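# Report on the structure
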Amino acid sequence: MQGYWVILLSFFVAGVLAVLPMPQWLQWVRPEWVALCLIYWVIALPHRVGILTALLLGMGLDILEGAMLGQNAFALVVVALLCLILYQRLRVFSLWQQAGTVFVLVGVNQLVCQWVQNLQGIGAPSLLFLLPAVSSALLWPLVLHLLRELRRQYAVA
Amino acid sequence: MLAILVILGLITADLRYNRLETTRSLLATLGTPVYWVADLPLRLRDWSDKYLHSPLSLAEENERLHRANLILQGRSQQMASLQAENVRLRALLNSSALLRDDVLVAELIGVSPDPVRHQLVINKGLADGVFVGQPLIDADGLMGQIVEVSAISSRALLITDATHSIPVQVNRNGVRAIAEGTGSLGALEIRHVSATTDIELGDLLVTSGLGGRFPEGYPVAVVTEIERDPGRAFARVVARPSAALDRSRHVLLVFSTQDRRGN
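Numbers given to residues run from 1 along each chain, matching the order in which its sequence is written. Chains carry letters from A onward and ligands carry numbers from 1 onward, assigned in written order. In keeping with the predicted nature of the model, local features appear solely for residues at pLDDT of at least 70, side-chain atom pairs appear and are counted solely at 80 or more, and the whole-chain, interface and lining totals rest on all residues. Hydrogens and waters are ignored; side-chain quantities use all the structure's heavy atoms.

### Observations concerning the overall build of chain B
Secondary structure elements are defined from DSSP: runs of H or I of at least 4 residues count as helices, runs of E of at least 2 residues count as strands, and each element is numbered from the N terminus. When helices and strands are counted, chain B shows 5 helices and 12 strands. Each principal axis of the C-alpha atoms in chain B carries an extent, and together these give about 65 × 60 × 40 Å. Burial status across chain B gives 38% buried among its 263 residues. If you take every contact in chain B between residues at least 6 apart in sequence, the share linking residues at least 24 apart comes to 57%. Reported accessibility uses the Shrake-Rupley method at a 1.4 Å probe radius. Residues are deemed covered only where the shown protein chains occlude them. A total accessible area of about 15,200 Å² is found for chain B, and carbon and sulfur atoms account for 57% of it. The classification of residues rests on relative accessible area computed with a 1.4 Å probe and restricted to protein chains. Under 20% of the type maximum is buried, over 50% is exposed, and intermediate values are partly exposed. Note on contacts: a residue pair is in contact if any heavy atoms of the two residues lie within 4.5 Å.

Written out as structure tokens, the structure is:
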């Protein structure tokens, strides 16, 4: 259980970034910080961070965003599941192959969120809701390096 | 597998039965620190706006406020006598007296990160007597209502959210209508206005007090667009919200006298 607090801290920071006030025109582009963070930790420590973490994290995010309870939980569990299946391949991918996979993973995340929001009757009017997948993929190298440094520094295992 | 079951359970409970109000309220209390931290940069800017000023600009601002205050005082001079007159006249008409509402100043600590949800988080909660359904106004008009209360913060739904509608009346002639949110911050749509209804560009829409949720007489929106298409049963009327929905940092929570009596 070494360095557990580093994981918690990174999720907390991701949560703050997820609700940070942004200018109106950037609203649709906001990267899915929590999903990015989760993807990293699942790939790095699949035996520690998995479905249950994703579930709790998603519920926390639902509360933060004022979304229906279960929306982000559902999306993040699906993402975590895919990561758990793919992590051995993802680890040997090059950076840009990884970014491509992250694009797909966050895209799936957005689709699931959109599906649940449509149940609620407040779906997005256009395909703009997929933009976070693009911005998240572009930010992946940054997140990867940052979290990897953190993990090595504090020997999280 | 278990996780999927839990999620489906949660979604059904929240969507169909609204069973999770108390749970949400509890968890939201735990989530408040995140909003507080996310708000820090803005708070810092506010602080620097407040304290890092040249004496000259302070003096200028002081003078401007003095002038504004003078104008407002001038306007309110007759208020007392007008109010007394209003009470007398209403008594003559046998209608109940209009009482002044109390307000509580609250500060914005967050906005919904999801562009399809128009929600605000404010820094007052159960501890300050905030309740679900409480109207929220700013200096210019009605903003929305409280939909979720935690111990120290609460979440408000704006009138422009696609799931919100509010009973209004035209200030000029009392025509009643329903104003629905459109999901865009700058527009409300007035639904089911027949083509012959007396409603004009620039008309001020105020809360009608019908429905019992919003007190009467708060400005809601100004009509900006009317389209009377003979081919359709209803005219299309669009109005711009009076409140500065995307700019107000300080908001007012309204306690109507009726609420007090009800509690």
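### Digging into the sheet that holds strand β9 (residues 204–207) of chain B
All names here are of chain B. Strands sit in the order β6-β7-β8-β11-β10-β9 around a closed barrel of 6 strands; the barrel is antiparallel. Going from strand to strand, the sheet's axes swing by 40 degrees on average, the running direction of each strand aside. Note: two strands are recorded as paired if DSSP finds a minimum of 2 bridges between them. The pairing of strand β6 (residues 165–170) with β9 spans 3 bridges and is antiparallel. The partner of V170 across the bridge, within β9, is L205. Simply put, an axis is a line fit to the C-alpha atoms, just over the touching stretch for a helix, and the angle between two N-to-C directions goes from 0 to 180 degrees.

### Quick notes on unusual backbone geometry
All names here are of chain A. Phi is positive for A155, close to 50 degrees, though the residue is something other than glycine. Its place among the elements puts A155 in the segment after α6 (131–153). With a relative accessible area of 38%, A155 lands in the partly exposed category.

### Examining the interface of chain A and chain B
Between chain A and chain B, the residue contacts involve 34 residues of the former and 29 residues of the latter. For the pairing of chain A and chain B, the buried interface totals around 3,000 Å² over both sides, and the portion due to carbon and sulfur atoms is 74%. Among the residues of chain A in contact with chain B, A:I63, A:L69 and A:I122 are the three that bury the most area, contributing 21% of the side total. Salt bridges, as used here, are contacts in which a Lys or Arg side-chain nitrogen is within 4 Å of a carboxyl oxygen on Asp or Glu. At the boundary of chain A and chain B, one finds 0 salt bridges. Two parts lose some accessible area (1.4 Å probe) when they are put together, and adding that loss for both gives the buried area.

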